[in-house]
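Commentary on secondary and tertiary structure
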Amino acid sequence: MFDKGNSCQGIVLFAHGAGAGMDHPFMLQMDELLAAKGLQVLRFEFPYMTKRREDGKKRPPDRMPILLAHYKQRIESLIETTKLPVYIAGKSMGGRVASMLLDETDAKACFAFGYPFHPPRKPESLRTEHLLDIEKPVYIFQGTRDAMGNREEVLHYALSESVHLHWLEDGDHDLKPRKASGYSQAVHLEQIAQRVKEIVS
């Protein structure tokens, strides 16, 4: 069982982005911050990243059906072993996969950190089809100058009312602002953790 007692608000199943695994500094920082807010975080890796870790060879992400099947199996397995609320989350690609699965699982909500609304420099290639009519709540934490969906672009998208956008000033795709902005990534990530705590409480 994954339950840690009455103080735990729930479990967050946390997937990595396309280019870095579950031990990337962003993943580790969010894990620590969410844990400090009373959440248990379970990080995991998709098959292609596991293979990379085993042989050291860089390889592209698995195709979407494989990513979806692997994440869904993780969700279902977790829900079978806990009485706590389960939330799904991901950095970039991981957040996209999580949001695509949300309505077909018993997960309560999805948290996406730096959602890849479109590939860099290809704003016409939107990855929002499933977000137009999604029913369960999706919370997207996005940098205002994210190259995969900045504030000016995203505010024009026709997204479901269940999609909630939280903007981090001057943040890039890793939610990191420029030094001259007066903001910091550490402050942004703490704001995210606090908002997540408010959502699950």
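These lines cover the structure that appears in this document, whether it is placed above or below.

Along the protein chain, the regular secondary structure elements total six helices and six strands. Reading the protein chain from its N end, one meets helices and strands in the order β-α-β-α-α-β-α-β-β-α-β-α. When the accessible surface of the protein chain is totalled, it reaches about 10,100 Å², and 50% of it is carbon and sulfur. Where the 27 positive side-chain charges of the protein chain centre and where its 27 negative ones centre are 6 Å apart.

Quick look at the pairing of strand S1 (residues 10-15) now. Counted residue by residue, S1 has six buried out of six residues, so it is predominantly covered. Neither face of S1 is exposed, since Gly10, Val12 and Phe14 on one face and Ile11, Leu13 and Ala15 on the opposite face are all buried. Relative to strand S2 (residues 39-44), S1 runs parallel, the two being bridged by six bridges. Bridging from a neighbouring strand, Ile11 pairs with Gln40 of S2. Of the pairings in the sheet, the one linking S1 to strand S3 (residues 86-91) comprises five bridges and is parallel in character. Bridging from a neighbouring strand, Phe14 pairs with Ala89 of S3.

Bringing the packing of helix H1 (residues 25-36) against helix H6 (residues 185-200) into the picture now. Where H1 meets H6, the axes come as close as 9 Å, and the angle between the chain directions of the two elements is 45°. As judged from the angle between their axes, H1 and H6 are oblique. In terms of crossing hand, the pair formed by H1 and H6 is right-handed. The segment H1 lies against H6, with Phe26, Gln29, Met30, Leu33 and Leu34 engaging Gln185, Leu189, Glu190, Ile192, Ala193 and Val196. The residue makeup of the contact of H1 with H6, split by class, is eight nonpolar, two polar and one charged.

Our focus in this paragraph is helix H3 (residues 64-80). Between its first and last C-alpha atoms H3 spans 24 Å; for 17 residues at 1.5 Å apiece the expected length is 24 Å, and the two agree. Among the residues of H3, Met64, Leu67, Leu68, His70, Tyr71, Ile75 and Leu78 are the ones counted as buried. Those residues of H3 hidden inside the fold are in contact with S1, S2, helix H2 (47-55), S3 and helix H4 (93-101).

This part takes up the nonpolar core. Core analysis: the biggest nonpolar cluster contains 36 residues, and Phe46, Tyr71, Ile88, Val97, Phe117, Leu131 and Ile140 have the highest contact counts within it. Listing elements by their share of this core, those giving two or more residues are S1, H2, H3, S3, H4, strand S4 (110-113), strand S5 (138-143) and strand S6 (163-168). Here this core gets six residues from one element, more than from any other, and that element is H3. With sequence-adjacent residues up to four places away left out, Ile88 is seen in contact with Leu13, Tyr71, Ile75, Ala98, Leu102, Ala107, Ala109, Cys110 and Phe111. Core analysis: the next-biggest nonpolar cluster, separate from the first, contains 23 residues, Met30, Tyr87, Ala89 and Val196 among them.

Moving on to unusual backbone geometry. For Asp170, which is not glycine, the phi dihedral falls at a positive 65°. Secondary-structure assignment places Asp170 in the loop between S6 and H6. Phi is positive for Leu175, close to 65°, though the residue is something other than glycine. Mapping Leu175 onto the fold places it in the loop between S6 and H6.

Criteria and cut-off values
Residues numbered from 1 in each chain as written. Predicted model: local features only at pLDDT ≥ 70, side-chain atom pairs only at ≥ 80, totals over all residues. Heavy atoms only, no water. Helix = DSSP H or I, 4+ residues; strand = E, 2+ residues; numbered from the N terminus. Areas by Shrake-Rupley, 256 points an atom, 1.4 Å probe, with all protein chains shown as cover. Lys, Arg positive; Asp, Glu negative; His and termini not counted. Charge placed at Lys NZ, Arg CZ, Asp CG, Glu CD. Buried < 20%, exposed > 50% of the residue type's maximum accessible area, 1.4 Å probe, protein only. Pairing = 2+ DSSP bridges. Axes fitted to C-alpha atoms, helices over the stretch in contact; angles between N-to-C directions. Parallel < 35°, antiparallel > 145°, perpendicular 65-115°, else oblique. Left-handed = near helix turned anticlockwise from the far one by under 90°. Contact = heavy atoms within 4.5 Å. Nonpolar A, V, L, I, M, F, W, Y, C, P; charged D, E, K, R; others polar. Expected span 1.5 Å × (residues − 1). Core = buried A, V, L, I, M, F, W, Y, C linked by side-chain atoms within 4.5 Å.

Structural measurements only, silent on function.
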